[in-house]
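Letter by letter, the chains look like this.
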Amino acid sequence: MLQGGRIKLKGWQQAAVAVGSAFGALMDPRRADLIAALGETTGKPAFERVLERMKNNPEGRAMLLERPPISANVGHAWDLPENTFGAAYARFMGSRNFSSDDRPPVRFMETEELAYVAMRAREVHDFWHTLFDLPTNLIGESALKVIEFRQMYLPMCLLSVIGGTARFNEKQRALFFKHYLPWATRAGMECTDLMCIYYEQHFHEDLDVVRKRWGITPAPAPPK
């Protein structure tokens, strides 16, 4: 047992958790705890690369130092003007009755820094939903996982896309592969390094302005 309730796994244990989590998540994609375990046990090299990028970025270093709890800023976001990024994020969370504290804890990262990076990767998921204007249905979540994969190269993201598309009906599958997948692939490559943005410091800024600055192309409307 490590500090913060985390668990240090041996190689075979890590493989067993990864396989079990992958199977369980495919059977029930709503199991956020299994998806989180899969991300941690297969994603250490990816999280280490993200950590190095954050250390080499001013906003990334500030986040590593301060480790801001998103929940401390959500109440303030509700009071911001309607056109701001913070207000858009608050509306996204409030309309779905989401809480920034709902993410499962990190259990299998060996260091405090890697544990924070893994948790931050979960926390920014809803920021990215807001910025890319993606719904939380199966197509929207699968498209966002494509963007997350392009940004972090986490194996879990790719596995989530495979698992999600396997549940599409014929119409959803055609829409995703023809419309959303090409857009998400380009969007994830063309935008800035999204893991190095201290989003809470930009809540007061105009949503369209930050999208342009960060190179974000919102999801296009699906064809009628």
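Residues numbered from 1 in each chain as written. Predicted model: local features only at pLDDT ≥ 70, side-chain atom pairs only at ≥ 80, totals over all residues. Heavy atoms only, no water.

- Labelled according to an unreviewed UniProt entry, the protein chain appears under the name Ubiquinone biosynthesis protein COQ4 homolog, mitochondrial, originating from Papaver somniferum.
- Under the UniProt heading Sequence similarities (unreviewed entry), the note attached to the protein chain is "Belongs to the COQ4 family."
- As recorded by UniProt, the Catalytic activity (unreviewed entry) comment attached to the protein chain reads in full: "a 4-hydroxy-3-methoxy-5-(all-trans-polyprenyl)benzoate + H(+) = a 2-methoxy-6-(all-trans-polyprenyl)phenol + CO2". (UniProt positions renumbered as here; feature names shortened; annotations may be inferred.)

Observations concerning the packing of aromatic side chains
- Enumeration over the complete set of coordinates arrives at 14 aromatic pairs.
- Aromatic pair F127 and Y199: ring centres 4.9 Å apart, planes at 35°, arrangement tilted. Of the two residues, F127 is situated in helix α8 (residues 125–132) and Y199 in the loop between α11 (170–190) and α12 (207–213); the sequence distance between them amounts to 72 residues.
- A relative accessible area of 0% places Y199 in the buried class.
- Each ring, one from F127 and one from F203, has its centre 5.8 Å from the other, and the planes form 75°; the classification is edge-to-face. Residue F127 is found in helix α8, and its partner F203 is found in the loop between α11 and α12; the two are separated by 76 residues along the sequence.
- The class for F203 is buried, based on a relative accessible area of 1%.
- A connected cluster of aromatic rings, assembled from ring pairs, spans F85, Y89, F127, Y199, F203 and W214. (Phe/Tyr/Trp six-rings, centres within 6.5 Å; stacked < 30°, edge-to-face > 60°. Helix = DSSP H or I, 4+ residues; strand = E, 2+ residues; numbered from the N terminus. Buried < 20%, exposed > 50% of the residue type's maximum accessible area, 1.4 Å probe, protein only.)

Some details on the UniProt feature "binding site: Zn(2+)" (unreviewed entry) in the protein chain
- The feature "binding site: Zn(2+)" (unreviewed entry), as given by UniProt, occupies H125, D126, H129 and E141 in the numbering adopted here. Look at the named residues: they lie 17 residues apart in sequence, but the longest C-alpha span between them is just 10.4 Å, so in the fold they bunch up.
- H129 gets classed as buried once you look at its relative accessible area, which sits at 1%.
- Residue contacts for H129: discarding those within four places in its chain leaves F92, L134, P135, T136, G140, E141 and L144.
- A polar contact of 3.0 Å, which involves the side chain of H129, links it to the backbone oxygen of L134.
- One can find E141 in helix α9 (residues 138–152).
- Exposure remark for E141: the relative accessible area of 24% places this residue in the partly exposed category.
- In contact with E141, other than residues within four places in its own chain, are H125, H129, P135 and T136.
- Looking at E141, its side chain comes within polar contact range of the side chain of H125, at 3.0 Å. (Contact = heavy atoms within 4.5 Å. Polar contact = N/O pair within 3.5 Å; in protein donor to acceptor, adjacent residues only side chain to side chain.)

Comments concerning the pattern of salt bridges
- Evaluation of the coordinates by the stated rule reveals nine salt bridges.
- Of the charged contacts, one joins R213 and E205 as a salt bridge, the two residues approaching to 2.4 Å between their closest N and O atoms.
- Of the residues examined, E205 reaches a relative accessible area of 16% and is grouped as buried.
- Between D208 and R211 there is a salt bridge, and its shortest N-O distance comes to 3.7 Å. Placement of both D208 and R211 in helix α12 is noted, with a separation of three residues, approximately one turn of the helix. (Salt bridge = Lys/Arg side-chain N within 4 Å of Asp/Glu carboxyl O.)

Points about the environment of I147
- Along the chain, I147 falls in helix α9.
- Residues I147 and L158, 11 residues apart in the sequence, show an inter-C-alpha distance of 10.0 Å.
- Contact partners of I147, with chain neighbours within four places excluded, come to F132, L134, W183, A184, A187 and G188.

Some remarks on the environment of F47
- Structurally, F47 can be placed in helix α3 (residues 44–55).
- Sequence-wise, F47 and L154 are 107 residues apart; in three dimensions their C-alpha atoms are separated by 7.9 Å.

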